[in-house]
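Now for the letters of each chain:
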Amino acid sequence: MRDVTTAQPLDVQPTPLALLLLGREADPKSERGVECPGDLPSPSDPDLVARARAAKEKLGDKVFVLGHHYQRDEVIQFADVTGDSFKLARDAAAKPEAEYIVFCGVHFMAESADILTSDDQKVVLPDLAAGCSMADMATAEQVAECWDVLTEAGIAEQVVPVSYMNSSADIKAFTGKHGGTICTSSNAKKALEWAFEQGEKVLFLPDQHLGRNTAVRDMGMSLEDCVLYNPHKPNGGLTAEELRGAKMILWRGHCSVHGRFSLDSVNDVRERIPGVNVLVHPECKHEVVAAADYVGSTEYIIKALEAAPRGSKWAIGTELNLVRRLANRFAEEDKEIVFLDKTVCFCSTMNRIDLPHLVWTLESLADGKLINQIQVDPETESFAKLALERMLALP
């Protein structure tokens with residue numbers, strides 16, 4: 001038997017990926033950042049709310065705080081506006097008098113705000129580690145390699161890229177440069193209809209589920225019209241014949257929150273709550289969307305519950321912060337609103353924005369210290385903005 005008391009320690013060097021996941025290194029080619037200079041206030045500080053309020057009042061009209069629907073309640077209470085990522089970016093652009101845009105969301109959202117706001121405005125992300133796992137699933141290098149594969153297959157000229165708003169500025173720039181457009185979960189059908197007027201095929205980035213659900217559920221295509229491009233396999237794991245035969249080339253990416261919902265979740269909640277309405281986000285898997293009663297974006301979900309009759313029952317398949325907030329909001333109307341899955345599931349990166357980070361950000365700005373500014377380089381911004389403008393021009 002090995003003598004563990006005298007065994008020498010193994011000389012194991014952590015890999016760059018391991019260090020990144022531990023928060024000890026940064027990857028400049030990734031959505032994720034890790035550095036947070038300065039001293040955060042303690043999360044147990046009983047004066048955090050008062051400190052945030054005082055700093056925000058001191059800044060006055062110089063600051064405009066955006067709060068995504070998936071943010072914690074402790075953060076949302078200080079948001080000047082709430083909404084999904086694109087709505088918030090547009091709200092920021094419509095507030096030119098604000099010198100500082102504090103985006104309580106994730107990295108790609110802050111990038112979009114920087115692209116759409118003026119050069120005089122400074123976009124700040126309270127925690128640079130607030131990234132997006134879906135956006136991380138498509139890097140600029142991977143997408144460039146994919147385009148080479150499409151070129152070798154002889155179909156690149158027929159392909160129009162359509163990228164989901166939940167993508168990095170680099171991916172939005174690629175899309176603009178190659179004649180494509182951006183879409184949101186609300187206008188994905190319009191974006192695809194536009195794309196098929198420009199070409200014969202679509203490369204949909206980076207969320208396979210939104211692309212598949214829109215093509216099959218909303219546009220009448222078949223599952224056989226869709227192929228899945230895996231950037232971690234040679235040629236995406238596809239043959240040239242498969243690429244030539246496809247209408248929708250879906251990137252192998254997904255939302256880590258919405259991807260957790262399953263058909264079992266739907267069947268289980270129907271057994272537990274007779275008469276329940278199942279309402280899910282289109283980032284969910286195809287079989288979940290097919291089994292649901294209603295499907296729509298976060299804004300759609302909110303409006304559907306606002307219009308729902310008193311006493312109705314709802315199981316919602318989206319991020320838990322929003323579901324819990326809606327359940328509390330409509331409790332007085334006897335609307336029973338539950339999370340679709342039994343397992344609690346917050347968006348872990350979105351939840352990195354907490355009250356201590358927000359207090360640190362606001363107090364730093366109030367003291368004249370600009371921290372965590374998000375800046376997109378001019379060339380990337382130019383092409384990304386072109387793709388966004390194509391989306392804004394959709395009917």
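Here is what the cut-offs are and how they apply
- Residues numbered from 1 in each chain as written.
- Predicted model: local features only at pLDDT ≥ 70, side-chain atom pairs only at ≥ 80, totals over all residues.
- Heavy atoms only, no water.
- Helix = DSSP H or I, 4+ residues; strand = E, 2+ residues; numbered from the N terminus.
- Buried < 20%, exposed > 50% of the residue type's maximum accessible area, 1.4 Å probe, protein only.
- Contact = heavy atoms within 4.5 Å.
- Areas by Shrake-Rupley, 256 points an atom, 1.4 Å probe, with all protein chains shown as cover.
- Arc of directions from axis to C-beta.
- Salt bridge = Lys/Arg side-chain N within 4 Å of Asp/Glu carboxyl O.
- Core = buried A, V, L, I, M, F, W, Y, C linked by side-chain atoms within 4.5 Å.
- Lys, Arg positive; Asp, Glu negative; His and termini not counted.
- Pairing = 2+ DSSP bridges.
- Right-handed = clockwise from strand over helix to strand, strands pointing away.

Visitor: Looking at this structure, how should I read the overall build of the chain?
Guide: Along the chain, the regular secondary structure elements total 17 helices and 13 strands. By residue count, 55% of the 395 residues in the chain fall in the buried class. Restricting to contacts in the chain with at least 6 residues of sequence separation, those with at least 24 account for 67%. A total accessible area of about 18,000 Å² is found for the chain, and carbon and sulfur atoms account for 49% of it.

Visitor: For this particular structure, what's the right way to read helix H9 (residues 188–198)?
Guide: Note that an α-helix has 3.6 residues per turn; residues three or four places apart therefore point the same way. Residues of H9 that are buried include every one of Ala-188, Ala-191, Leu-192 and Ala-195, and no others. The arc enclosing the buried residues of H9, seen along the axis, measures out at 95°, which places them on a common side. Elements that come into contact with the buried residues of H9 comprise strand E5 (159–164), strand E6 (181–183), strand E7 (201–205), helix H10 (208–218) and strand E9 (248–251).

Visitor: Can you help me understand the pattern of salt bridges in this one?
Guide: Any two side chains of opposite charge can pair, on the condition that their charged atoms come close. One pass over the full model with this rule turns up 16 salt bridges. A salt bridge links Lys-62 to Glu-99; the shortest N-O distance between them is 3.9 Å. Within this pair, whereas Lys-62 is found in the loop between helix H2 (48–59) and strand E1 (63–68), its partner Glu-99 is found in the loop between helix H4 (85–93) and strand E3 (100–104), the two being separated by 37 residues in sequence. Looking at Lys-62, the relative accessible area reads 39%, which means it is partly exposed. Assessed through its relative accessible area of 27%, Glu-99 is described here as partly exposed. The shortest N-O distance in the salt bridge between Asp-268 and Arg-272 comes to 2.7 Å. With Asp-268 and Arg-272 both in helix H12 (residues 263–272), this residue pair falls four residues apart, about one helical turn. On the basis of relative accessibility, which here comes to 40%, the residue Arg-272 falls in the partly exposed class. Overlapping salt bridges bring together Asp-45, Arg-51 and Glu-363 as one network.

Visitor: Please clarify how the nonpolar core should be interpreted in this entry.
Guide: Here is a general trend for soluble globular proteins: nonpolar side chains tend to be buried in one another's company. Core analysis: the largest hydrophobic core is formed by 106 residues, its most contacted members being Phe-204, Met-248, Val-280, Ile-337, Leu-340 and Leu-362. Of all hydrophobic cores here, the second largest spans 21 residues; its members include Leu-150, Ile-155, Ala-156 and Val-227.

Visitor: Before we go on, may I ask you to explain the environment of Leu-223 in this structure?
Guide: Along the chain, the position of Leu-223 falls in the loop between H10 and strand E8 (226–229). Along the chain, Leu-223 and His-286 lie 63 residues apart, while their C-alpha atoms are 9.7 Å from each other. Filtering out sequence-adjacent residues up to four positions away, Leu-223 remains in contact with Arg-212, Val-216 and His-286.

Visitor: How should I be thinking about the side chain of Glu-381 in this particular structure?
Guide: Of note, Glu-381 is situated in helix H17 (residues 378–392). It is Lys-385 that comes nearest to the buried, bridge-free Glu-381 among opposite-charge side chains, at 5.3 Å. Residues in contact with Glu-381, not counting those within four places in the same chain, are Asp-114, Ile-115, Asp-119 and Val-376.

Visitor: Help me out: how do you make sense of the pairing of E8 in this one?
Guide: Here is the key point about a regular strand: its side chains alternate between the two faces of the sheet. Sheet topology note: the E8/E9 ladder contains four bridges and is parallel. Its bridge partner lying in E9, Tyr-229 is registered against Trp-251. With helix H11 (residues 240–245) bridging E8 and its parallel neighbour E9, the resulting β-α-β unit is right-handed.

Visitor: Would you take a moment to explain the pairing of strand E12 (residues 313–317) for this structure?
Guide: In terms of residue burial, E12 counts as a mostly covered element, since four of its five residues are buried. Alignment of strand E10 (residues 277–280) against E12, held across four bridges, turns out to be parallel. When the bridges of E12 are listed, Leu-279 appears paired with Ile-316. Following the backbone out of E12, through helix H15 (residues 320–329) and into the adjacent parallel strand E13 (residues 336–339), one traces a crossover that is right-handed.

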